[in-house]
Amino acid sequence: MITILRQSLLAILALIPAQGAAAWPDVKAADFKSIQLDKFSDHELEVPEMLFHFPQIANAVNEKGKDRGFLDLAVNREPKDNKPYNARIMEMQMALAYFYTAERPWNPYCGDPAVRLRLEAMLNRWTRIQNPDGRYAEYSSENWSLAPTGFGAMAAARTLDLLVEGGQPFDAGLLDKARLSLRRALAALFTHPDLIKASRIYSNQFSGAYYASAVYLKHWPDKELPSLFERASARAITDDQSPAGFFYERAGADFGYSGVHENNLRAAWPLLRNDPAVAPELIDSHQRWNEWLSYNSVPIPGDDAYAINAGVQTRTNLAIAVPHTFVMSEVVPISRAMANTREAYRDALSEKRRDLARQWGKWPALKVPGSSSYIPTFVHAAAGETAPWHPTVAQREAARHALPPIARDQFTHQRHDPRPYTFTFVRRPTYYAAFNSGKIEAPGQQAYGLGLLWNPAFGPAMQSIPKSPDRWGTILGKNTTTFEQSDLNAKFLIEGKTIDPAEGARDLSEGELEIHYTLGKGVDKQINFTNDGITVRITAPGAFQEILPLLCEKDSALDMSDNQLQILQHGVLFRIQVAEPDAKIQLSKAFDLHGAGLQRQQAVIRATDRLTYRISFGSPLPSAHKPAAP
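Remember, it's a predicted structure, so these values are computed and weren't measured experimentally.

## Overview of the overall build of the protein
For step 1, the next point in the chain: Tallying secondary structure elements over the protein gives 15 helices and 23 strands in all.
For step 2, the next point in the chain: Viewed in the frame of its principal axes, the protein has a C-alpha envelope of about 90 × 60 × 50 Å.
For step 3, the next point in the chain: Within the span of the protein, comprising 630 residues, buried residues form 56% of the whole.
For step 4, the next point in the chain: Sequence-distant contacts in the protein: of pairs separated by 6 or more residues, those separated by 24 or more amount to 68%.

## What to know about helix H5 (residues 146-166)
For step 1, the next point in the chain: With 21 residues, H5 extends 30 Å from end C-alpha to end C-alpha; this agrees with the ideal 30 Å at 1.5 Å per step.
For step 2, the next point in the chain: Across the 21 residues that make up H5, a large majority, 18, are buried.

## Side note on the packing of aromatic side chains
For step 1, the next point in the chain: Enumeration over the complete set of coordinates arrives at 42 aromatic pairs.
For step 2, the next point in the chain: With a centroid separation of 6.0 Å and 70° between ring planes, the pair formed by Tyr210 and Phe229 is classed as edge-to-face. With Tyr210 in helix H8 (residues 208-219) and Phe229 in helix H9 (residues 225-239), the pair connects residues that are 19 residues apart, well separated along the chain.
For step 3, the next point in the chain: Among the residues examined, Tyr210 registers a relative accessible area of 4% and is labelled buried.
For step 4, the next point in the chain: Where Tyr216 meets Trp220, the ring centres are 5.2 Å apart and the plane angle is 50°; that geometry is what we call tilted. Like Tyr216, the residue Trp220 is buried in the burial classification.
For step 5, the next point in the chain: Its end group placed over the ring of Tyr257, Arg315 keeps NZ or CZ at 3.6 Å from the ring centre.
For step 6, the next point in the chain: The ring of Tyr248 has Arg419 lying over it, and the distance from NZ or CZ to the ring centre is 3.5 Å.

## Focus: the packing of helix H4 (residues 113-128) against H5
For step 1, the next point in the chain: It is the contact of H4 with H5, at a shortest axis distance of 12 Å, that shows an interaxial angle of 140°. Judged by the angle between their axes, H4 and H5 are oblique. Our pair here, H4 against H5, has a crossing hand that is left-handed. Across from Leu119, Leu123 and Trp126 in H4, the residues of H5 making contact are Gly152, Ala153, Ala156, Thr159, Leu160 and Leu163.
For step 2, the next point in the chain: Grouping the amino acids of the contact of H4 with H5 by side-chain chemistry returns seven nonpolar, two polar and no charged.

## Brief notes about unusual backbone geometry
For step 1, the next point in the chain: The peptide bond linking Val368 to Pro369 adopts the cis configuration, its omega dihedral lying at -5°.
For step 2, the next point in the chain: Mapped onto the elements of the fold, Pro369 is located in the loop between helix H12 (342-359) and helix H13 (378-384).
For step 3, the next point in the chain: Positioned with a positive phi, Lys467 is a non-glycine residue whose angle comes to about 50°.
For step 4, the next point in the chain: Summarising the element assignment, Lys467 is placed in the loop between strand S10 (459-463) and strand S11 (473-476).

Here is what the cut-offs are and how they apply
- Residues numbered from 1 in each chain as written.
- Predicted model: local features only at pLDDT ≥ 70, side-chain atom pairs only at ≥ 80, totals over all residues.
- Heavy atoms only, no water.
- Helix = DSSP H or I, 4+ residues; strand = E, 2+ residues; numbered from the N terminus.
- Buried < 20%, exposed > 50% of the residue type's maximum accessible area, 1.4 Å probe, protein only.
- Contact = heavy atoms within 4.5 Å.
- Expected span 1.5 Å × (residues − 1).
- Phe/Tyr/Trp six-rings, centres within 6.5 Å; stacked < 30°, edge-to-face > 60°.
- Lys NZ or Arg CZ within 6 Å of the ring centre and 35° of its normal.
- Axes fitted to C-alpha atoms, helices over the stretch in contact; angles between N-to-C directions.
- Parallel < 35°, antiparallel > 145°, perpendicular 65-115°, else oblique.
- Left-handed = near helix turned anticlockwise from the far one by under 90°.
- Nonpolar A, V, L, I, M, F, W, Y, C, P; charged D, E, K, R; others polar.

Here is the structure:
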């Protein structure tokens with residue numbers, strides 16, 4: 001008992017600065033008149049602006065008292081969460097470690113004692129706020145959870161790697177103390193039941209452990225950790241990724257947060273690509289993710305971008321995807337379809353250099369408070385990546401021609417997760433459609449039903465958007481949201497024969513697909529997918545509305561009457577025809593999508609008791625040459 005009290009007293013005294021201790025010297029501003037852009041390598045082009053603002057970041061590290069080492073500046077998390085107990089704030093230590101250790105001609109902070117003082121305080125704090133079982137907290141002092149543990153381990157691993165490799169003066173005892181904290185965090189990520197359970201819901205919060213483990217084992221051999229890592233990796237490949245192919249985010253699919261998962265692997269893959277136990281599993285996982293992506297993305301004609309099946313997303317509202325770096329596209333050819341080419345990557349670097357030259361040393365003030373004003377993850381590429389692999393134009397085109405909606409013009413494909421979610425993809429000679437059904441994991445966010453509609457020449461014609469009025473479906477009576485924003489239990493029939501969804505991915509048999517579901521007592525909806533169009537039939541007592549979220553180019557030609565809407569684009573006519581003479585089509589005001597050359601607009605069909613409408617693509621009619629309504 002006496003020993004415990006003595007240890008507690010020593011810990012408290014360690015937080016109190018010595019009487020008369022000198023204040024930390026300020027971290028001085030970099031002189032950009034003497035720093036030359038051409039001294040930055042291609043993988044360092046995110047660094048100059050971070051270098052410009054670095055003194056403000058470093059000087060915000062708390063110097064004294066119980067919060068010593070805390071970054072008292074809200075720039076990387078929501079301001080309301082910038083609290084001393086939040087371990088996510090401490091991830092900024094890797095930015096300090098980067099500038100402290102980067103022996104580069106542009107870096108005035110390499111070996112800077114003022115930076116070292118702050119970095120040692122931050123790293124020491126990170127070790128002190130850890131739970132004895134290895135976990136870290138985020139949203140409260142007792143919120144021991146996956147995200148601060150997983151991302152904290154990744155940031156600490158990068159910090160320690162930089163310190164060990166850089167060789168700058170540093171407290172050796174603190175370095176070993178931080179090593180032990182990192183090991184405890186990794187052991188918790190691999191074995192703690194609460195963290196394992198959480199990773200099955202938020203996969204991106206675990207995958208930073210791949211990089212953190214690889215770094216730890218590179219520097220410090222360990223008898224137990226390799227086997228723990230291999231078992232955890234094997235578990236994550238099966239448990240954290242749906243049999244339908246997507247990585248779980250809020251227990252469902254989310255394209256935006258899966259990008260975070262990809263960034264985690266981007267840091268880890270160079271260290272793991274030759275690991276005989278882990279690398280094959282990562283390749284298989286990445287293959288399955290990109291197969292899922294290939295069914296949920298359709299190209300936008302004339303634009304190097306894709307419209308995605310956005311309505312299923314549980315966390316973000318990403319709707320248009322642009323090419324980027326897929327770190328594993330060298331070994332997973334399907335991922336090249338949406339990857340930047342070598343040529344595009346070089347062009348982007350040249351444009352980035354031109355932008356930097358125009359702004360050199362004159363960047364706007366750092367936004368404070370801000371949730372993403374200064375994100376320390378720039379360090380991963382700046383410190384560890386020299387030449388990411390990108391496909392050639394020919395390699396990317398080959399991958400694009402292999403995408404299912406392009407490679408084949410007739411199939412019905414289904415992907416099912418037993419949670420349950422069912423995603424049905426219908427390709428017919430004139431269109432491609434994605435239909436989503438099952439349990440809603442994120443009420444108010446997701447929308448099921450017909451989520452994406454596309455024609456190869458016309459491009460995307462309809463797209464449901466999460467957390468938005470632009471969601472396909474039926475609004476009953478005085479409701480303000482579509483039924484499809486709730487659980488949708490659909491029945492599937494091909495040529496009249498019921499098809500039960502099966503876990504995983506498969507092509508269904510040929511024939512006309514019918515999807516049927518009820519929207520409540522006496523309310524029935526049926527969708528038939530034929531070779532030349534889609535027919536929707538609704539029976540519902542009283543007045544109701546049908547919402548169709550349109551997506552087309554801003555200069556498309558539009559023609560509309562009470563019961564017919566036509567849009568002409570790239571020589572193809574997209575047509576919505578209503579059978580009931582008393583049902584009316586109305587259009588909402590259009591709004592532009594910035595940078596995409598597209599606009600969104602709602603078509604609203606108002607009907608009573610019943611509605612039948614047909615969606616099709618075909619040859620243009622003379623009446624379809626009227627300019628689009630403003």
